Amino acid sequence: IDYGALCDAVEAAVAAARRRLLEALAERVAATVLAQDDCIAEVVVALRKLRPPVPQQLDTSGVRITRRRP
């Protein structure tokens, strides 16, 4: 796996994302990783947002997804 190319692809996907939901961004990152190299069979994406805009006092909110190649 070319990790430099993989990081570039994920960075581009995140920069192009106009998503408001962490879940949607995680899906985009997972799809980008799986499309990058056929050797990648599974990816776990964990995202955290600092001080989410909710009325409760939360330091972070986050999401973790696992996606596998069919």
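Everything discussed here concerns the structure shown above.
No experiment lies behind these values; they were computed from the predicted model shown.

It is worth spelling out the side chain of Thr 32 at this point. The topology assignment puts Thr 32 in helix 2 (residues 22–36). Setting aside residues no more than four positions away along its own chain, Thr 32 makes contact with Ala 9, Val 10 and Ala 13.

Looking now at helix 2. Taking 1.5 Å per residue, 15 residues should reach 21 Å; helix 2 reaches 21 Å between its end C-alpha atoms and fits that length. Three or more residues of helix 2 are buried, namely Leu 22, Leu 25, Ala 26, Val 29, Ala 30, Thr 32, Val 33 and Leu 34.

Remark: helix 1 (residues 3–16) packs on helix 2, axes separated minimally by 9 Å, with the N-to-C direction vectors making an angle of 150°. Between helix 1 and helix 2, the angle is such that the two are roughly antiparallel. Taken as a pair, helix 1 and helix 2 cross one another with a handedness that is right-handed. Packed against helix 1, whose contacting residues are Ala 5, Leu 6, Ala 9, Val 10, Ala 13, Val 14 and Ala 16, the element helix 2 presents Leu 25, Arg 28, Val 29, Thr 32, Val 33 and Gln 36 at the interface. For the contact of helix 1 with helix 2, the residue count by class is 10 nonpolar, 2 polar and 1 charged.

Let us now look at helix 1. With 14 residues, helix 1 ought to run about 20 Å at 1.5 Å a step, and its terminal C-alpha atoms sit 20 Å apart, in line with that. Residues of helix 1 that are buried: Leu 6, Ala 9, Val 10 and Ala 13. The buried residues of helix 1 occupy one face: seen down the axis, they fall within an arc of 95°. Across from the buried face of helix 1, at angles greater than 90 degrees, the exposed residues are Cys 7, Glu 11 and Ala 15. Buried-residue contacts for helix 1 involve helix 2. Here helix 1 starts with a cap whose side-chain oxygen sits 3.2 Å from the backbone nitrogen of Gly 4, and that cap is Asp 2.

Conventions adopted
Residues numbered from 1 in each chain as written. Predicted model: local features only at pLDDT ≥ 70, side-chain atom pairs only at ≥ 80, totals over all residues. Heavy atoms only, no water. Helix = DSSP H or I, 4+ residues; strand = E, 2+ residues; numbered from the N terminus. Contact = heavy atoms within 4.5 Å. Expected span 1.5 Å × (residues − 1). Buried < 20%, exposed > 50% of the residue type's maximum accessible area, 1.4 Å probe, protein only. Axes fitted to C-alpha atoms, helices over the stretch in contact; angles between N-to-C directions. Parallel < 35°, antiparallel > 145°, perpendicular 65-115°, else oblique. Left-handed = near helix turned anticlockwise from the far one by under 90°. Nonpolar A, V, L, I, M, F, W, Y, C, P; charged D, E, K, R; others polar. Arc of directions from axis to C-beta. Polar contact = N/O pair within 3.5 Å; in protein donor to acceptor, adjacent residues only side chain to side chain.

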